[in-house]
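# Observations on the model geometry
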Amino acid sequence: MNSTRPTFRIAPSILSADFARLGEEVKNVIDAGADWIHFDVMDNHYVPNLTFGPMICQALKPHAKTAAGLAVPIDVHLMISPVDALAASFADAGADLISFHPDASAHVHRSVQAIKSKGVKAGLVFNPAESLDVLEWTIDEIDLILIMSVNPGFGGQSFIDSALRKVELARKWIERSGKDIRLEVDGGIKPDNIRQVADAGADTFVAGSAIFGKPDYKAVIDQMRVALA
Ligand code: DX5
Ligand code: ZN
């Protein structure tokens, strides 16, 4: 494993939070130790579900900070097509990272540039049946690779094991690039499999139902950190 690998990040997905109390849920999960807030945007077109847009992101932004007042990054995962106009709106709404699915954009390189021109970090997301080939032409431009370990659209699904092999491949791409790129995995992550995902090469872990489905968020995040230690 690369000795220069950055520290682990845990990114709770508010897709599984109580939508009637979203601001409070963001605050509670940050108090419980969240490093990033993962924000799943679905359009009922690219995926068969519908969630929230830039106005909700903007409303949550003031809540995305630690008790000491430090900003906690908002990690926006766009499951929408087309990408560019809404990506710009999310940048204006306070997103710190914006990732999209290459197959959702007619012009992937342009979409990456549109995000970066807003001063926001850009990521590419790969579905379970999708290859990493597009990295050949984009890796020098991006800040994050997000490997889906479930099919996008819903929380609470089971981890797809072939994602581990893809994480290993993505780690090789990052090592070859020599760039500081985060390698995030999304879907079905729990305290009992997070270590395996880290061993495959991931450094950033999305978890929705595993955290918000339990009454004590801190207990789950602590279990994840123990597994990673
Ligand atoms: C699925 C979303 C995930 C989802 C993960 O489309 O991208 O972020 O919330 O949920 P869990 O952790 O419950 O699998
Ligand atoms: Zn996600």
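Residues numbered from 1 in each chain as written. Chains lettered and ligands numbered in written order. Predicted model: local features only at pLDDT ≥ 70, side-chain atom pairs only at ≥ 80, totals over all residues. Heavy atoms only, no water.

### Focus on the nonpolar core
Of all hydrophobic cores here, the largest spans 74 residues; its most connected members are Ile-14, Phe-39, Val-76, Leu-78, Ile-98, Ile-145 and Ile-147. At six residues, the largest contribution of residues to this core is made by helix H6 (residues 162–177). Apart from the residues within four sequence positions on either side, Ile-98 is in contact with Val-76, Leu-78, Ala-87, Phe-90, Ala-91, Ile-115, Val-120, Lys-121, Ala-122 and Gly-123. Core analysis: the second largest hydrophobic core is formed by five residues, Ala-11, Trp-36, Leu-144 and Val-206 among them. (Core = buried A, V, L, I, M, F, W, Y, C linked by side-chain atoms within 4.5 Å. Buried < 20%, exposed > 50% of the residue type's maximum accessible area, 1.4 Å probe, protein only. Helix = DSSP H or I, 4+ residues; strand = E, 2+ residues; numbered from the N terminus. Contact = heavy atoms within 4.5 Å.)

### A look at the side chain of Ser-149
Within the fold, Ser-149 resides in the loop between strand E6 (144–148) and H6. Owing to a relative accessible area of 0%, Ser-149 belongs among the buried residues under this scheme. Every residue in contact with Ser-149, bar those within four places of it in the chain, is listed here: Ser-158, Phe-159, Ile-160, Ala-163, Val-185, Asp-186 and Gly-187.

### Quick notes on the site of ligand 1
Surrounding ligand 1, one finds 20 residues, the nearest of these being Asp-40, Gly-153, Asp-186, Gly-208 and Ser-209. Between Ser-13 and ligand 1, the recorded distance is 3.0 Å, taken from a side-chain N or O atom to an oxygen atom. At 2.8 Å from an oxygen atom of ligand 1 is found a main-chain nitrogen or oxygen belonging to Gly-188. When ligand 1 is considered free in solution it has 380 Å² of accessible area, and contact with the protein chains removes 100% of it. Because more than half of its atoms lie within 2 Å of the grid, ligand 1 is assigned to the largest cavity. Going through the elements one at a time, strand E2 (37–42), strand E3 (74–79) and strand E8 (204–207) are the ones with two or more residues in the shell around ligand 1. Per-element tally for the shell around ligand 1: the top contributor is E2, with three residues. A class-by-class count of the residues in the shell around ligand 1 yields eight nonpolar, 10 polar and two charged. (Near = heavy atom within 4 Å. Polar contact = N/O pair within 3.5 Å; in protein donor to acceptor, adjacent residues only side chain to side chain. Areas by Shrake-Rupley, 256 points an atom, 1.4 Å probe, with all protein chains shown as cover. 1 Å grid on protein atoms, 1.4 Å probe; cavity = no way out; pocket = protein on both sides within 12 Å on 5 of 7 lines; lining within 4 Å. Sits in = over half its atoms within 2 Å of the grid points. Nonpolar A, V, L, I, M, F, W, Y, C, P; charged D, E, K, R; others polar.)

### Brief notes about the sheet that holds strand E5 (residues 121–126)
Sheet architecture is open: eight strands sit in the order E1-E8-E7-E6-E5-E4-E3-E2, paired in parallel fashion. Two strands bound the open sheet, and with one partner strand each, they are strand E1 (9–12) and E2. Between one strand axis and the next, the sheet turns through 25° on average, direction left out of account. Of the pairings in the sheet, the one linking E6 to strand E7 (residues 182–186) comprises five bridges and is parallel in character. Residue pairing for E7: Met-148 is matched across the bridge by Asp-186. (Pairing = 2+ DSSP bridges. Axes fitted to C-alpha atoms, helices over the stretch in contact; angles between N-to-C directions.)

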